[in-house]
Amino acid sequence: MTEKRALIVDDEPDIRELLEITLGRMNIKTAAAPDLATARKHLEEEEFDLCLTDMHLPDGNGIELVKLIAEQRPGLPVAVITAYGSMDTAISALKAGAFDFVQKPVDLEQLRTLVDTALKIAPLEDAPTISTARLTGNSPTMSRLRDQIAKLARSQAPIYISGESGSGKEVAARLIHEQGPRSDRPFVPVNCGAIPSELMESEFFGHIKGSFTGAVADSEGLFQAAEGGTLFLDEVADLPLSMQVKLLRAIQEKAVRAVGASSEAAINVRILSATHKDLANEVNEGSFRQDLFYRLNVIELGMPSLRERTEDIPELAKQILQKICIEYEASVPEISDGAMVLLQRYEFPGNVRELENILERAFTLCDDGRIKSSDLQLAGSAQADSPQNKKEDPQAGDVENTAVAGFELAPGQSLEDYLEDIERQLITDALDATRWNKTAAAKRLGITFRALRYRLKKLELE
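Residues numbered from 1 in each chain as written. Predicted model: local features only at pLDDT ≥ 70, side-chain atom pairs only at ≥ 80, totals over all residues. Heavy atoms only, no water.

A. Representation of empty space enclosed by the protein. Scanning all chains against the criterion turns up one cavity of 30 Å³ or more. Roughly 40 Å³ of internal volume is contained in the largest cavity. Only α7 (169-179) and β13 (270-275) provide two or more residues apiece to the lining of the largest cavity. (1 Å grid on protein atoms, 1.4 Å probe; cavity = no way out; pocket = protein on both sides within 12 Å on 5 of 7 lines; lining within 4 Å. Points joined across faces, edges and corners; volume = space filled by probe spheres on them. Helix = DSSP H or I, 4+ residues; strand = E, 2+ residues; numbered from the N terminus.)

Written out as structure tokens, the structure is:
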């Protein structure tokens, strides 16, 4: 195994000596520099696997060195050493391209963990290419997104993933984790809106036995479960303000206190977060803390909506149908030209998740191994495959005329939920009328037995 080398840049001899001794005990050879000029000279003459630099140097600052290395040695991870409590400085360094940061006085255990993680980063030339099977599409938008993810995976900076519901935010988060140096450790996703507020502190930080009624044993929290890996905070905008304060402290101090514990425990976790809401707007409205937003949004990764990359829909549709047909042991149906045109014209407010639902429904409705536009059950779908046009039937494709009088969504109810309720009732009535003879019920409903079997599974009626 090739011996690793590190460049240490600090104007304080005691700090340089401490770092050299610590890394030496990890079998890492070191070169030291008291200022930027000496550091540049070392970089010109030698190859390194890691750089540790102080922020305040006699002839400049650490961010200048971070930018220099990002430009000239993009594969070299740089960690900055900051004064205690200088989170603003640390964040500026992360934004400039630093791998991570450590605060003074240097905690040697944290330093060793940081160094171990940095040395796991694959050289740029050996970095794995993200497969289109996970982020489907060859559009320029998706190509840029895959490049961004590959770059972000090499950093330890907190990433805020923005995008509409169903656009693949968790997929992106998993890829950032899997492509990075923490891939051999846990990826722990949590939906912040699904945890009751009274249990939130215990869920995140854990609790000790007897700390509250029902705490019959010690229990680790999500931070402890993600130790060494990545914690993905989905729908982070749903965190109550009281929990936002505690999360902010955990991120700043890299430590958590379990409920009922007398002391904090150090944590080594990378934070990724996401929400479909406009988090900056939530800050402006006072429902999300600005300081926490600043900590989470060190780097933002925007997920494109499906309507921004309609050229990817044919490939996406093929992949989704293949997955469905593997599950049901069926042949992959063909999609008619009219159906494909309709899909590429549709707005997809639910993005890829909605495309999956539409194609699952179409799969159960189609005949003769061919999905027609009418199987999609979208506005105007009845005419998309027809040789006749709207001039011959002015009302045929009018979306406004497809509304049915007397039907109304309940407050907060989605169209998908509303339709599922109707579907569930009709299927239950048909099964009751046929004494749960599924073949007879399918005939009564005018659908195939396969379609009924799929719907029973989807609606959890079996």
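From this point, the discussion proceeds with the structure in view.
B. Examining the packing of aromatic side chains more closely. According to the stated counting rule, one finds seven aromatic pairs in the structure shown. Here the aromatic rings of Phe205 and Phe223 are separated by 5.6 Å at their centres, their planes lie at 35°, and the arrangement is tilted. On the criterion of sequence distance, the pair formed by Phe205 in helix α8 (residues 200-205) and Phe223 in helix α9 (residues 222-225) is long-range, its members being 18 residues apart. Take Phe223: its relative accessible area is 1%, and that puts it in the buried class. On the numbers, 4.7 Å between centres and 80° between planes, the contact of Tyr346 with Phe348 is edge-to-face. Relative accessible area serves as the criterion here: at 0%, Phe348 is assigned to the buried category. (Phe/Tyr/Trp six-rings, centres within 6.5 Å; stacked < 30°, edge-to-face > 60°. Buried < 20%, exposed > 50% of the residue type's maximum accessible area, 1.4 Å probe, protein only.)

C. The arrangement of the environment of Gly75 in detail. Secondary-structure assignment places Gly75 in the loop between α3 (62-72) and β6 (78-82). Taking the relative accessible area as the measure of exposure, Gly75 reaches 31% and is therefore partly exposed. Along the chain, Gly75 and Ala122 lie 47 residues apart, while their C-alpha atoms are 8.5 Å from each other.

D. Structural detail: the sheet that holds β13. Here five strands make up an open sheet; going across it, the order is β9-β10-β13-β8-β14 and the pairing parallel. With one partner strand each, in any of the chains shown, β9 (187-191) and β14 (299-302) form the two edges of the open sheet. Direction aside, the axes of adjacent strands within the sheet are offset by 20° on average. Note: strand β8 (residues 159-162) against β14, four bridges, orientation parallel. Following the sheet pairing, Ile159 is matched in β14 by Ile299. Contacts between helix α6 (residues 140-152) and the sheet are confined to β8, β13 and β14, with β14 contributing the most and set at about 150° to the helix. (Pairing = 2+ DSSP bridges. Axes fitted to C-alpha atoms, helices over the stretch in contact; angles between N-to-C directions. Contact = heavy atoms within 4.5 Å.)

E. Fine view of the side chain of Gln244. Considering the arrangement of structural elements, one finds Gln244 in helix α10 (residues 241-253). A polar contact of 2.8 Å, which involves the side chain of Gln244, links it to the backbone oxygen of Leu239. (Polar contact = N/O pair within 3.5 Å; in protein donor to acceptor, adjacent residues only side chain to side chain.)

F. Structural context of the sheet that holds β6. Taken in spatial order, the five strands line up as β2-β1-β3-β6-β7 in an open sheet, and their pairing is parallel. On the outer flanks of this sheet lie β2 (28-33) and β7 (100-103), each paired with one strand and no other. Neighbour-to-neighbour, the strand axes of this sheet turn through a mean angle of 20°, independent of strand direction. Where strand β1 (residues 4-9) and strand β3 (residues 50-54) come together, four bridges link them in parallel fashion. Looking across to β3, one finds that Ile8 is bridged to Leu52.

G. Seen up close, the layout of surface pockets. For the second largest pocket, the calculated volume is near 670 Å³. Taken together, 28 residues line the second largest pocket, and the ones lying closest to its centre are Gly166, Gly168, Val171, Val352 and Glu356. Secondary structure elements with two or more residues in the lining of the second largest pocket: α6, α7, α13 (313-328) and α15 (351-365). Looking at the lining of the second largest pocket, the element that brings in the most residues is α13, giving four residues. Looking at the lining of the second largest pocket, its residues break down into ten nonpolar, eight polar and ten charged. (Nonpolar A, V, L, I, M, F, W, Y, C, P; charged D, E, K, R; others polar.)

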